[in-house]
Amino acid sequence: MAECHPVGFQWVMEAKERGAKVFHVDPRFTRTSAVADEHLGIRVGTDIVFLGALINHVLQNGLEFREYVENYTNAATLVREDFVDADDLGGVFSGWDPESGTYDQQSWGYDGMDVRAPAGSPFKKDAVDDPQEGDDAQTSSGEQSHGAHGADVGDPDELKTDPTLQHPRCVFQVLKRHFARYTPDMVERVCGIGPDQFARIADAITENSGREKTTCFIYSVGWTHHTTGTQYIRAASILQLLLGNMGRPGGGIMALRGHASIQGSTDIPTLYNLLPGYLPMPSAAPPGEDDLAAYIESNEPEGGFWGNARDYTVSLMKAWWGEHATAANDYGFGYLPRITGDHSIYPTIMGMHEGEVEGFFVMGENPTVGSANSKLHRMGMANLKWLVVRDLQMIESATFWKDGPEIETGELRTEEIGTEVFFLPAATHAEKSGTFTNTHRLLQWRHQAVEPPDDCRSELHFTYHLGKRIREKLAASTDERDRPLLELTWDYPTHGPTEDPSGEAVLKEISGYTVADGKAVGGYRELKDDGTTASGCWIYSGSYADEVNQTARRTPNTTGDIASPAPEWGWAWPLNRRVLYNRASADPAGKPWSERKKLIWWDEEQERWTGLDIPDFAGDMRPDYVPEKGAKAEWALRGDDPFVMQADGKGWLYAPSGLLDGPMPNHYEPHESTAQNLVHPGVQASPTRQIEEREDNRSNPEPTEDGHAVYPFQVMTFRIAEHHTAGGMSRFLPHMAELAPDPYAEVSPELAELRGLQHGEWATLVSARTAIEARVMVTDRIRPHVIGGRQVHTIGLPYHWGPNGLAVGDSANDLLPIVMDRNTHISEFKASTCDIVPGRRPRGADLEPFVQAYRDRAGSPGRPITPVEPGRTPEHHGADQRPIPPEELDRPLAGTDPHGPPKDYGTTEHPPLGRGREPDWTPPEESA
């Protein structure tokens, strides 16, 4: 966090100065580790074992916040009799179908629950109950799992429960049995963390949780970039619910984002399967089942705020189609696109290879170096008819057709590539106004500092004027399919010499207004389903309340109360609420659990909730409120149900529906691992993982296969402070290029000795996909583990490089396969396998035979496995790079880390200064 999220980390350091304990769980010793109370060097891909053991520690020792668990979670709810845990079936849950590779989730449901498909599923609402409908009808294939808010559990009063938490089928007991296998001994055997270290962190977490204290978990892509990434976060949420850390100040789980406004790009989504505000995208249902009523019926549970889905959806349609969205035409619901399957990035790339995708927009991404198996992306984009790239620099996705690695190897020929590429220069954040939405849902307005130079334009300008031009071309069309474009409310005011659309006008439309008079609404509770209100995103509704840009506020905390969340600094969705599910910060009677951790509370005199935050429920709902039969939405929940986005108002320790890989987290090894699954030896990797089976996306052998020793080392990617994501914003800057000019691989002294690697020199890393080269950094910051009686080595590989810019080098992502978490379609960047040998990789036409030799040996059991010596030619692919003189290989490291390990092995986050396309180096004494 200190390296990748330094602005946020200042608050961690401030908390530490006030007595907070900081534990850093990471395979590498980093800048965060250097200032943490303790660093736990976990083996890559084993976090569920670690978190599971913490859960087991809580459950076996009675350390849960019992009153919180009894009242605010589903701990008391009974699970169906036919549910069978993974421990009893050799590693898979009941309902597993090995032929389809999917689960029938019916047996996971509650006892007495009307099991239904997850919200957003393209299948019929009650399909899970009907085995005659076939596999696809019974199990969502993941197309719309983003934002799915779980099943409608029916009438919560009809669910069977045991308030004593003693019934063997109640969730609490099911949880205890499931996590019993995750012990400190298992943590040591699988994760490589010793029992003493585990005991210290377990004690610290439990001692700092409960009535008086809270503990926070912070994660980033180190958790999400796995085939079980969703279950990593589920495990943390289970632990936090058991300890009473959800919905309370200083608690929760914070997801750090890799760069600006990632939260905003999912709120108002760039995801194919969501509408704004996490409303599911409609699917291509059979005629008669795809109207607004059917959509709402499938996605509007009786309880919780999702029970107002029709209000949010109709208001969205009115914002987009205005006067053309009427009750007579279902408010334009038929104008929305429909999805027919998995349309995420990787299947889209496969569609390019198959000739099914003809055009592609690249805006703020760089898939030719930034995505897993980047070569497959480059080859796919070479099959397009047209490609639009908008970026600050001439990134690799814009130039792959003339200087990509495959041009050098001869796999692509520029004259044979028919892709017409349009490069459009983009404006930077200082050259445009608008909002950023950060990791804790805070919208903050940025003001334009200068006009963008030359032809550079903002995303808002590009999208708006592209829409205008398309509408002009279609103006005379009578084709029914053109109506959605022609009837859009596409009339924003513009300003400045570039005619940039008004960001504030867009924000007001998103926030919402009453159709009759155009006045801003105060929030999502004012949205209606009768066409009288419009809002482009219900969770952002209120961000322009009172005709004021609420996101531009800059009033710090002036209350004098250190616990105040500074409510006038920016605006947080929804309704400027700073802590989600904050009803859980008070006890069932509405009193704060403690004075120290108070946030909101019930005021009996005013008959309202009051406090430091805006209540995450109806402000006049009494703590003892009990809904009447037939109550809807938030009024269908009890006054002591804090988790208002769930149909039953409870925090789910166990997920009866909504996840595709199990109702509880279960450890599986990464798709490519150097160790066997010691928890479930019969199931090595996640059985539901999404694999793109292709010759150009080969997988390395599993540890149980003879060819595994050909790729004997684990490799993980990571970020550094000196570069930003795929490098488009940093590799072109001289001062950043100088700090980290060359890609490098961090290896332990033990691995360096094993493979004959020299600090500062070059090494070749090879997988079944390809081979890349990187400088060697020998360091104690990354250490081997003893797993299953043998030493397991991990290689750390930052991923910021590509052939363009000043700091050039091979893309680390070329090395990785495309294999995904089926819930999210996120690829496993954080764990793969490879071999590493000294020297630079072969160039040109020699590269593929070198890689193929590894594949042949991996596929030929019994053949001796010896490292292959790569070529040592100095030319760098895709760049005009001069040879590197031997004396320059011994130049000192840039910037040492005083908190790092002994300097004998290198003590820095930086590689040796190498030679990219940079000016000739001048010794410091001469430059001075």
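As a reminder, the structure under discussion sits directly above these lines.
All of the points below concern the structure found in this document.

Cut-offs used in this document
Residues numbered from 1 in each chain as written. Predicted model: local features only at pLDDT ≥ 70, side-chain atom pairs only at ≥ 80, totals over all residues. Heavy atoms only, no water. Helix = DSSP H or I, 4+ residues; strand = E, 2+ residues; numbered from the N terminus. Buried < 20%, exposed > 50% of the residue type's maximum accessible area, 1.4 Å probe, protein only. Contact = heavy atoms within 4.5 Å. Areas by Shrake-Rupley, 256 points an atom, 1.4 Å probe, with all protein chains shown as cover. Lys, Arg positive; Asp, Glu negative; His and termini not counted. Salt bridge = Lys/Arg side-chain N within 4 Å of Asp/Glu carboxyl O. Polar contact = N/O pair within 3.5 Å; in protein donor to acceptor, adjacent residues only side chain to side chain. Patch = residues over 30% accessible without salt bridge, like charges linked within 9 Å, V, L, I, M, F, W, Y side chains within 5 Å. Pairing = 2+ DSSP bridges. Axes fitted to C-alpha atoms, helices over the stretch in contact; angles between N-to-C directions. Parallel < 35°, antiparallel > 145°, perpendicular 65-115°, else oblique. Nonpolar A, V, L, I, M, F, W, Y, C, P; charged D, E, K, R; others polar. Phe/Tyr/Trp six-rings, centres within 6.5 Å; stacked < 30°, edge-to-face > 60°. Lys NZ or Arg CZ within 6 Å of the ring centre and 35° of its normal. Core = buried A, V, L, I, M, F, W, Y, C linked by side-chain atoms within 4.5 Å. Expected span 1.5 Å × (residues − 1).

## Re the overall build of the protein
A count of helical and extended segments in the protein gives 25 helices and 30 strands. Across the 928 residues of the protein, 59% fall into the buried class. Counted over contacts in the protein with a minimum sequence separation of 6, partners at least 24 positions apart contribute 70%. Surface summary for the protein: the accessible area is close to 36300 Å², and the carbon and sulfur share equals 51%.

## Here we look at the side chain of aspartate 821
Looking at the secondary structure, you find aspartate 821 in the loop between β29 (819-820) and β30 (832-838). Of the side chains with opposite charge, arginine 822 lies nearest to the buried aspartate 821, which makes no salt bridge, at 7.8 Å. Here asparagine 823 takes part through its backbone nitrogen, which lies 2.7 Å from a polar atom of the side chain of aspartate 821. With near-sequence residues (within four places) excluded, aspartate 821 lies in contact with His226, Thr227, Thr228, Gly229, Thr230, Gln690 and Ile826.

## Structural notes on a nonpolar patch on the surface
A surface patch of nonpolar side chains, amounting to about 560 Å² of accessible area, comprises Phe361, Met363, Trp386, Phe422, Leu466, Ile470 and Leu485. Of the residues examined, phenylalanine 422 reaches a relative accessible area of 37% and is grouped as partly exposed.

## So, unusual backbone geometry
Residue proline 574 is reached from tryptophan 573 by a cis peptide bond, and omega for that bond is -10°. Phi is positive for alanine 566, which is not a glycine, with a value near 50°. With a relative accessible area of 14%, alanine 566 lands in the buried category.

## Digging into the sheet that holds strand β9 (residues 359-363)
In spatial order, the strands read β9-β10-β11; together these three strands make up an open sheet with parallel pairing. Edge positions in the sheet fall to β9 and β11 (420-425), since each of these pairs with one other strand and no more. Within this sheet the neighbouring strands show an average axis-to-axis angle of 10°, counted without direction. Where strand β10 (residues 386-391) lies against β11, six bridges are found, and the strand directions are parallel. Residue pairing across strands places valine 388 opposite phenylalanine 422, the latter belonging to β11. Lying on the sheet, helix α17 (residues 396-403) is in contact with β9, β10 and β11; it crosses β10 at an angle near 130°.

## Here's the deal with the packing of helix α3 (residues 47-60) against helix α7 (residues 184-191)
α7 packs onto α3 with a crossing angle of 170° between their chain directions and a minimal axis gap of 9 Å. Looking at the two axes, α3 sits roughly antiparallel to α7. Contacts between α3 and α7 pair Val49, Phe50 and Ala53 from the former with Met186, Val187, Val190 and Cys191 from the latter. Its residues assigned to classes, the contact of α3 with α7 comprises seven nonpolar, no polar and no charged.

## A closer look at the packing of aromatic side chains
Enumeration according to the criterion identifies 37 aromatic pairs in this entry. When the centroid spacing of 4.9 Å and the interplanar angle of 45° are considered together, the rings of tyrosine 581 and phenylalanine 643 count as tilted. A residue pair is termed long-range when its members are at least 10 positions apart, and tyrosine 581 in the loop between β18 (571-572) and β19 (600-603) and phenylalanine 643 in the loop between β20 (608-611) and β21 (690-691) qualify at 62 residues. Given the relative accessible area of 22%, tyrosine 581 is considered partly exposed. Classification of phenylalanine 643 as buried rests on a relative accessible area of 5%. Directly above the aromatic system of phenylalanine 172 lies the positively charged group of arginine 66, at a separation of 5.1 Å from the ring centroid. Against the face of tryptophan 569 rests arginine 554, its NZ or CZ located 5.7 Å from the ring centre.

## Comments concerning the nonpolar core
In this structure, Phe50, Leu54, Tyr68, Leu242, Leu653 and Tyr654 are the most contacted members of the largest nonpolar core, which totals 70 residues. Elements supplying a minimum of two residues to this core: α3, α4 (66-72), α6 (171-179), α7, α8 (195-207), β5 (217-219) and α10 (229-242). Among the elements that take part in this core, α3 stands out by supplying nine residues, more than any other. Not counting chain neighbours up to four residues away, the residues in contact with leucine 54 comprise Phe198, Ile201, Ala202, Ile205 and Leu239. Within the second largest apolar cluster, 49 residues are counted, among which are Tyr272, Leu275, Tyr335 and Val579.

## A short note on helix α1 (residues 6-17)
Helix length check: α1, at twelve residues, gives a terminal C-alpha distance of 16 Å against a target of 16 Å (1.5 Å per residue), a fit within 8%. Looking one or two residues past α1, glycine 19 carries a phi angle of roughly 110°, positive in sign.

## Quick word on the pairing of strand β13 (residues 442-446)
Taken across its five residues, β13 has four buried, putting it largely inside the fold. Examined bridge by bridge, strand β12 (residues 434-437) and β13 share four bridges and lie antiparallel to one another. Note that in β13 the partner of glycine 434 across the bridge is arginine 446. Between β12 and β13, which pair antiparallel in sequence order, lie four residues; one of them, arginine 441, sits at a positive phi of approximately 70°. Taken together, the two bridges between β13 and β18 define a ladder with antiparallel strand orientation. Pairing of leucine 442 across the sheet is with alanine 572, part of β18.

## Considerations on the pattern of salt bridges
Under the criterion given, the structure shown has 45 salt bridges. Where aspartate 85 meets arginine 181, a salt bridge forms, and the shortest distance between an N and an O atom there is 3.3 Å. With aspartate 85 in the loop between α4 and β3 (96-97) and arginine 181 in the loop between α6 and α7, this residue pair connects regions lying 96 residues apart in the sequence. We note that aspartate 85, like arginine 181, is buried. Here arginine 577 and aspartate 616 are joined by a salt bridge, their closest N and O atoms 2.9 Å apart. Here arginine 577 is found in the loop between β18 and β19, whereas its partner aspartate 616 is found in the loop between β20 and β21, with 39 residues between them in sequence. There is no split in this pair, since arginine 577 and aspartate 616 are both buried. Salt bridges here are not isolated pairs; linked through shared partners, they connect Glu81, Asp111, Lys160 and Arg169.

## What to know about the environment of arginine 211
Tracing the backbone through its elements, the reader meets arginine 211 in the loop between α8 and β5. Judged by its relative accessible area of 37%, arginine 211 is partly exposed. Spatially, the C-alpha atom of arginine 211 lies 7.8 Å from that of phenylalanine 65, the residues being 146 residues apart in sequence. Setting aside residues up to four positions removed in sequence, arginine 211 forms contacts with Phe65, Glu67, Arg248, Trp593, Ser594 and Lys597. Of the polar contacts made by the side chain of arginine 211, one reaches the backbone oxygen of tryptophan 593; its length is 3.4 Å.

## Thoughts on the sheet that holds β18
Ordered in space as β12-β13-β18, the three strands form an open sheet in which the pairing is antiparallel. The open sheet is flanked by β12 and β18, the only strands paired with a single partner.

## Here's the deal with the pairing of β10
The element β10 is extensively covered by neighbouring structure, given that five of its six residues are classed as buried. As paired strands, β9 and β10 are joined by five bridges and run parallel to one another. Note that in β10 the partner of valine 362 across the bridge is valine 389.

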